[in-house]
Amino acid sequence: MTREVTLPLIVDDHGTLQVAAADVSKLLRTVGGRWLRLVESGEEGLDEDTVAALTIELAKLADRIDVACIAHSSGPAS
């Protein structure tokens, strides 16, 4: 059985709008990858070490979200 895990990161006035956790972790990885490509292409004003450190932190956060979702999905069936 496939279950989708969502995190209520963005909610409307009624608390019903949610963003899928998988979308958030994908976004974090995409942003980091985009930054790295900008550095590799020689974009002015970007510090390579800072971009690398930020990209690593975004990936760690995405990993934590993914692990939490896996743990939630692997839990006992209700």
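**Q** Please clarify how the overall build of the chain should be interpreted in this entry.
**A** Helix and strand counts for the chain stand at 2 helices and 2 strands. Each helix (α) and strand (β) of the chain, taken in turn from the N terminus, gives the series β-β-α-α. Burial status across the chain gives 19% buried among its 78 residues. As displayed, the chain has an accessible area near 6000 Å², and 58% of this comes from carbon and sulfur atoms.

**Q** Help me out: how do you make sense of a negative patch on the surface in this one?
**A** Residues Glu40, Asp47, Glu48 and Asp49 make up a contiguous surface patch of negative charge. Along the polypeptide, Asp49 turns up in helix α2 (residues 48–74).

**Q** Looking at this model, I keep getting lost on the nonpolar core. Mind explaining?
**A** By size, the foremost hydrophobic cluster in this structure holds 7 residues: Ala21, Val24, Leu28, Leu58, Ala62, Ile65 and Cys69. With 4 residues, α2 is the largest single contributor of residues to this core. With sequence-adjacent residues up to four places away left out, Ala62 is seen in contact with Ser25, Leu28 and Arg29.

The rules behind these values
Residues numbered from 1 in each chain as written. Predicted model: local features only at pLDDT ≥ 70, side-chain atom pairs only at ≥ 80, totals over all residues. Heavy atoms only, no water. Helix = DSSP H or I, 4+ residues; strand = E, 2+ residues; numbered from the N terminus. Buried < 20%, exposed > 50% of the residue type's maximum accessible area, 1.4 Å probe, protein only. Areas by Shrake-Rupley, 256 points an atom, 1.4 Å probe, with all protein chains shown as cover. Patch = residues over 30% accessible without salt bridge, like charges linked within 9 Å, V, L, I, M, F, W, Y side chains within 5 Å. Salt bridge = Lys/Arg side-chain N within 4 Å of Asp/Glu carboxyl O. Lys, Arg positive; Asp, Glu negative; His and termini not counted. Charge placed at Lys NZ, Arg CZ, Asp CG, Glu CD. Core = buried A, V, L, I, M, F, W, Y, C linked by side-chain atoms within 4.5 Å. Contact = heavy atoms within 4.5 Å.

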